[in-house]
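Results of the structural survey
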Amino acid sequence: MNDLIGFFDSGMGGVSVLHEARRILPNEHFLFFGDNGNAPYGPRPLAEIRALCAAGIDRLLARDVKAIVIACNTATSAYAKILRQAHPELPIVGMEPALKPAHFARHGGKVLVLATKATLSLEKYEKLKARYGADVISVVGTGLVERVEAGQADAPETAEHIARLLAPYRSEQIDAVVLGCTHYPFLRRPIAALFPDAQIFDGREGTVLRLKDLLQRGGLCSDDTPGSIEYQTSGGPGVIDRMQALMASLDAE
Ligand code: DGL
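Procedures and definitions
Within every chain, residues take consecutive numbers counted from 1 along the sequence as written. With pLDDT at 70 or above as the cut-off, local features in this predicted model cover only qualifying residues; side-chain atom pairs require 80 or more to be listed or tallied, and sums for whole chains, interfaces and linings still use all residues. With hydrogens and water stripped out, all remaining heavy atoms of the structure feed into the side-chain values. Salt bridges are identified by distance alone: a Lys or Arg side-chain nitrogen within 4 Å of an Asp or Glu carboxyl oxygen. Secondary structure is summarised from DSSP: a helix means a run of H or I of at least four residues, a strand means a run of E of at least two, and numbering begins at the N terminus for each. Think of it in three bands: with a 1.4 Å probe and only protein chains considered, a residue is buried below 20% of the maximum accessible area for its type, exposed above 50%, and partly exposed in between. Here the rule is simple: two strands pair whenever DSSP picks up at least two bridges between them. For helices, the fitted axis covers only the stretch in contact; all axes are lines through C-alpha atoms, and the angles between them, taken along N-to-C directions, range from 0 to 180 degrees. In this analysis, two residues are considered to be in contact whenever any of their non-hydrogen atoms come within 4.5 Å of each other. For this classification, under 35 degrees means roughly parallel, over 145 means roughly antiparallel, 65 to 115 means roughly perpendicular, and everything else is oblique. Note on convention: near helix rotated counterclockwise from far helix by under a right angle means a left-handed crossing. Clockwise means right-handed. Residues were grouped as follows: Ala, Val, Leu, Ile, Met, Phe, Trp, Tyr, Cys and Pro as nonpolar; Asp, Glu, Lys and Arg as charged; and all remaining residues, including Gly, as polar. Each residue is tested against the molecule or strand, and it is near if at least one of its non-hydrogen atoms lies within 4 Å. Polar contacts, as used here, are pairs of N or O atoms within 3.5 Å; protein pairs need one atom able to donate a hydrogen and one able to accept it. Residues neighboring in sequence count only if both atoms are side-chain atoms. Per-residue and other accessible areas were derived by the Shrake-Rupley procedure at a 1.4 Å probe size, with only the shown protein chains allowed to occlude residues. In this analysis the probe radius is 1.4 Å and the grid spacing 1 Å, with only protein atoms considered; a cavity is a set of points the probe fits into but cannot get out of, a pocket is an open set with protein on both sides within 12 Å along at least five of seven lines, and lining residues have an atom within 4 Å of a point. Grid points define the cavity or pocket, and a molecule sits in it when more than half of its atoms lie within 2 Å of them. Stacked, tilted and edge-to-face are the three classes assigned to paired rings of Phe, Tyr and Trp, where Trp is represented by its six-membered ring and a pair needs centres within 6.5 Å; plane angles under 30 degrees give stacked, over 60 edge-to-face, the rest tilted. For this quantity, the arc is that covered by the directions from the helix axis to the C-beta atoms. Grid points are joined across faces, edges and corners, and a volume is the space filled by probe spheres set on the points.

**A few points about the pattern of salt bridges**
Per the counting criterion, the structure on display carries 14 salt bridges. A salt bridge links Lys124 to Glu96, with the shortest nitrogen-to-oxygen separation between them at 3.3 Å. Here the residue Lys124 occupies a position in helix 6 (residues 123-132), and Glu96 occupies one in the loop between strand 4 (92-93) and helix 4 (99-104), the gap between them amounting to 28 residues. Lys127 serves as the salt-bridge partner of Glu123, at 3.2 Å between the closest nitrogen and oxygen. In this pair, Glu123 and Lys127 both sit in helix 6, four residues apart, roughly one turn of the helix. Since its relative accessible area comes to 49%, Glu123 is described here as partly exposed. The structure contains a network of salt bridges with shared partners spanning Glu20, Arg23 and Glu205.

What follows is the structure, encoded as structure tokens:
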């Protein structure tokens, strides 16, 4: 089954998940669509996020994808249920902040969850918090998606912005930090530097392992060697080059 697997994000963030997918599923053919022209989604009202998700994911469906990965916590919280209802036959994998493993990694301290305003305010996160939310500090990553989108992930100003944003929590005992937005793995270094004793979690590997499991169960795995990646964007010129550069930046980790 050598058909495409569709990947969707509001922009560059999904590339961090795609990187993990290429590592774990090297024979697959991926079609990545980043809605960079409309990022960030996080501060938008729910109805608007849903409409953007519908339009973006329709582009993937039009290519007869064999599975869809919503490589975005915000889009998953807003739209995964609706998409699954509309396409019950299609394997659909979403994302959620990795609060569960972070919760069990605590040793007396707290978990700091960094995510978008929408992710932190929607029902999915409320449910997660009800189960694993003891001693959680939830922080909206204001301005972070914009910096990654602008190609500023490694800029000193971005590290300064992060330091200011997270300064109020540095006096707490933080045992785990959850990167609850797929743009944030590109900011891992400056975030981790502020909490040197904390373990850092994100949901990328879990999401891709779930995808692998669904492909195997459905007899949908590709036997091509090697696989491939096609990038698409609603953004302007240069965006796809930046996606590829971000992909390469994760190779170095
Ligand atoms: N990558 C998206 C996420 O995981 C970012 C959302 C946004 O565009 O604000 O939440």
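**Side note on the sheet that holds strand 7 (residues 174-179)**
Read across the sheet, four strands follow the order 6-5-7-8 without closing on themselves; strand pairing throughout is parallel. Single-partner strands in this sheet number two, and they are strand 6 (136-140) and strand 8 (199-202). Strand-to-strand twist of the sheet, defined as the mean angle between neighbouring strand axes without regard to direction, takes the value 20°. Sheet topology places strand 5 (residues 110-115) next to strand 6; five bridges connect them, and they run parallel. Within strand 6, the residue paired with Val111 across the bridge is Val136. The sheet contacts of helix 6 involve strand 5 and strand 6, and relative to strand 6 the element is tilted by about 155°.

**Some remarks on the packing of helix 2 (residues 46-61) against helix 3 (residues 73-86)**
Packing of helix 2 against helix 3 brings their axes to within 9 Å, and their N-to-C directions diverge by 65°. Here helix 2 lies roughly perpendicular to helix 3, going by the angle between them. Viewed along their axes, helix 2 and helix 3 form a crossing whose handedness is right-handed. Of the residues in helix 3, those touching helix 2 at Leu46, Ile49, Arg50, Cys53, Ala54 and Ile57 are Thr74, Ala75, Ala78, Tyr79, Ile82 and Leu83. Residue classes in the contact of helix 2 with helix 3 are distributed as 10 nonpolar, one polar and one charged.

**Regarding the site of the ligand**
As a matter of local geometry, the ligand sits amid 13 residues, with Ser10, Tyr41, Gly42, Thr74 and Thr182 nearest to it. A distance of 2.6 Å is found between an oxygen atom of the ligand and a side-chain nitrogen or oxygen belonging to Ser10. Separating an oxygen atom of the ligand from a side-chain N or O atom of Thr74 is a distance of 2.6 Å. The protein chains hide 100% of the 300 Å² of surface that the ligand would expose on its own. The pocket occupied by the ligand, as judged from atoms lying within 2 Å of grid points, is the largest cavity. Taken together, the residues of the shell around the ligand break down into five nonpolar, seven polar and one charged.

**Observations regarding the packing of aromatic side chains**
Going through the model one piece at a time under the given rule, you end up with five aromatic pairs. Three or more aromatic residues link up through ring pairs in this structure, and these residues are Phe8, Phe33 and Tyr41.

**Points about helix 6**
Buried within helix 6 are the following residues: Tyr125, Leu128 and Tyr132. Projected onto a plane normal to the axis of helix 6, the buried residues spread over an arc of 60° and lie on a single side. Looking at helix 6, the residues exposed on the side facing more than 90 degrees away from the buried face are Lys127 and Ala130. Its buried side turned inward, helix 6 meets helix 4, strand 5, helix 5 (117-121) and strand 6.

**Observations concerning the pairing of strand 7**
Two faces make up the sheet, and in a regular strand the side chains alternate between them. Along strand 7, six of the six residues are buried, which leaves the element largely enclosed by surrounding structure. Where strand 5 meets strand 7, five bridges bridge the pair, whose relative direction is parallel. For Val111, the partnering residue across the bridge sits in strand 7 and is Ala176. In terms of strand pairing, strand 7 meets strand 8 through four bridges, oriented parallel. By the bridge assignment, Ala176 is partnered in strand 8 with Gln199.

**Brief notes about empty space enclosed by the protein**
Which parts of space are left empty comes out when a probe the size of a water molecule is rolled across the atoms. Using the criterion set out here, one finds one cavity of 30 Å³ or more in the structure. Roughly 60 Å³ of internal volume is contained in the largest cavity. Lining the largest cavity are Asp9, Ser10, Pro40, Tyr41, Gly42, Cys72, Thr74, Thr116, Val145, Cys181, Thr182 and His183. Class assignment for the residues of the lining of the largest cavity results in five nonpolar, six polar and one charged.

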